[in-house]
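# Structural description and commentary
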Amino acid sequence: MIKNKKELNEYLSYERSRYGFKSVFQYWIHLFMHMEQAHIWQFQKRLRITEYYKNCNHKIRFLLSQRKLNILRHKYNFEICLNVFDKGLRIMHIGPILTNAKARVGQNCSIHINTGIAAQGITNEAPTIGDDVVIGFGACIIGGCHIANGIAIGANALVNKSFEEENIAIAGVPARKISNNGSREWGKA
């Protein structure tokens, strides 16, 4: 949770680098060229600024920033609530993403499109997800489950129970462990 201007700048600098932008100038060139990652960063930067205003109780600035954020939410179909993701969020592509306001996701989460992190519907309990988790295309994580650090969640998985073992891959409907190669081995040959 961003509590001061220094933390906001740390979040923005770290997350900008996760998209490959070494400078603000490089970001503006990509935005001018309508490259997908620049548009995602535009949304994410506004998300973090809005979180900062809310957490620091800057009411007028928060309302104005919230309005700008809502425009980008509807434009890109990102229904990501404030203060859900810790530092290091990386949205892989533009497309539908839904999060519950009560969900909590750790650092360095990578999330693909058509995903949902939500309450189950029977209770208001929302998922808690650890650090370094990769959430694959179309995955749904529902209910009060806990996902440990370093887990890779496969495409179209339905996660409705907790997984406490770190650095594994889970997939399927309902999700189950399929491999000992979690997000830390993601993409390695």
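What this report covers is the structure whose coordinates are included nearby. (Residues numbered from 1 in each chain as written. Predicted model: local features only at pLDDT ≥ 70, side-chain atom pairs only at ≥ 80, totals over all residues. Heavy atoms only, no water.)

### Things to note about the packing of aromatic side chains
A full pass over the atoms with the stated rule returns six aromatic pairs. Ring geometry for phenylalanine 21 versus tyrosine 27: centroids 5.8 Å apart, planes at 70°, classification edge-to-face. The class for phenylalanine 21 is buried, based on a relative accessible area of 3%. In this structure tyrosine 27 comes out as buried when scored by relative accessible area, which is 5%. Here the aromatic cluster, defined as three or more aromatic residues joined through ring pairs, consists of Phe21, Tyr27 and Trp28. Lying across the ring of tyrosine 14, lysine 87 places its NZ or CZ 5.4 Å from the centre. (Phe/Tyr/Trp six-rings, centres within 6.5 Å; stacked < 30°, edge-to-face > 60°. Buried < 20%, exposed > 50% of the residue type's maximum accessible area, 1.4 Å probe, protein only. Lys NZ or Arg CZ within 6 Å of the ring centre and 35° of its normal.)

### Re the sheet that holds strand S11 (residues 152–153)
Spatially, the six strands line up as an open sheet ordered S2-S5-S8-S11-S13-S14, and their pairing is mixed. Each of the sheet's edge strands pairs with one partner strand only, and the pair in question is strand S2 (90–91) and strand S14 (176–179). Sheet analysis places strand S8 (residues 134–135) next to S11, joined by two bridges and oriented parallel. In the strand pairing of S11, isoleucine 135 is matched with isoleucine 153. (Pairing = 2+ DSSP bridges. Helix = DSSP H or I, 4+ residues; strand = E, 2+ residues; numbered from the N terminus.)

### Re the sheet that holds strand S9 (residues 140–142)
Strand order in this open sheet of five strands is S1-S3-S6-S9-S12, and the pairing throughout is parallel. Each edge of the open sheet carries a strand with a single partner, namely strand S1 (78–79) and strand S12 (158–159). Note that S1 and strand S3 (residues 97–99) share two bridges and pair parallel. Bridged to glutamate 79 within S3 is leucine 98.

### Comments concerning the nonpolar core
One broad rule of soluble globular proteins: the nonpolar side chains tend to lie buried together. Of all hydrophobic cores here, the largest spans 50 residues; its most connected members are Ile91, Ile135, Ile147, Ile153 and Val159. Mapped onto this core, the elements with two or more residues apiece are helix H1 (5–18), helix H2 (24–32), helix H3 (36–55) and helix H4 (59–76). Once residues lying within four places of it in the same chain are set aside, the contact partners of isoleucine 153 are Val133, Val134, Ile135, Gly136, Ala139, Ile141, Ile147, Val159 and Ile170. (Core = buried A, V, L, I, M, F, W, Y, C linked by side-chain atoms within 4.5 Å. Contact = heavy atoms within 4.5 Å.)

### Quick notes on the pattern of salt bridges
Here the structure, examined in full by the defined rule, presents three salt bridges. Here arginine 48 ties to glutamate 51 by a salt bridge, and the two come within 2.9 Å at their closest N and O atoms. Of this pair, arginine 48 and glutamate 51 are both found in helix H3, three residues apart, which corresponds to roughly one turn of the helix. Here the two residues arginine 48 and glutamate 51 agree in accessibility, since each one is buried. Through salt bridges with shared partners, a single network forms among Glu15, Arg48 and Glu51. (Salt bridge = Lys/Arg side-chain N within 4 Å of Asp/Glu carboxyl O.)

### Quick notes on the pairing of strand S6 (residues 115–118)
In S6, alternate side chains face the same way, and those of Thr115 and Ile117 on one face and Gly116 and Ala118 on the other are all buried. Relative to S6, S3 runs parallel, the two sharing three bridges. Considered in S6, the bridge of leucine 98 is made with glycine 116. Here S6 pairs with S9 via three bridges, running parallel.

### Some details on the pairing of S14
In this structure, strand S13 (residues 169–171) lies alongside S14, joined through three bridges in antiparallel fashion. Looking at S14, one finds that alanine 171 is bridged to arginine 176. Where S13 folds back onto S14 in an antiparallel hairpin, the turn is made up of four residues, including glycine 172, whose phi is positive at roughly 105°.

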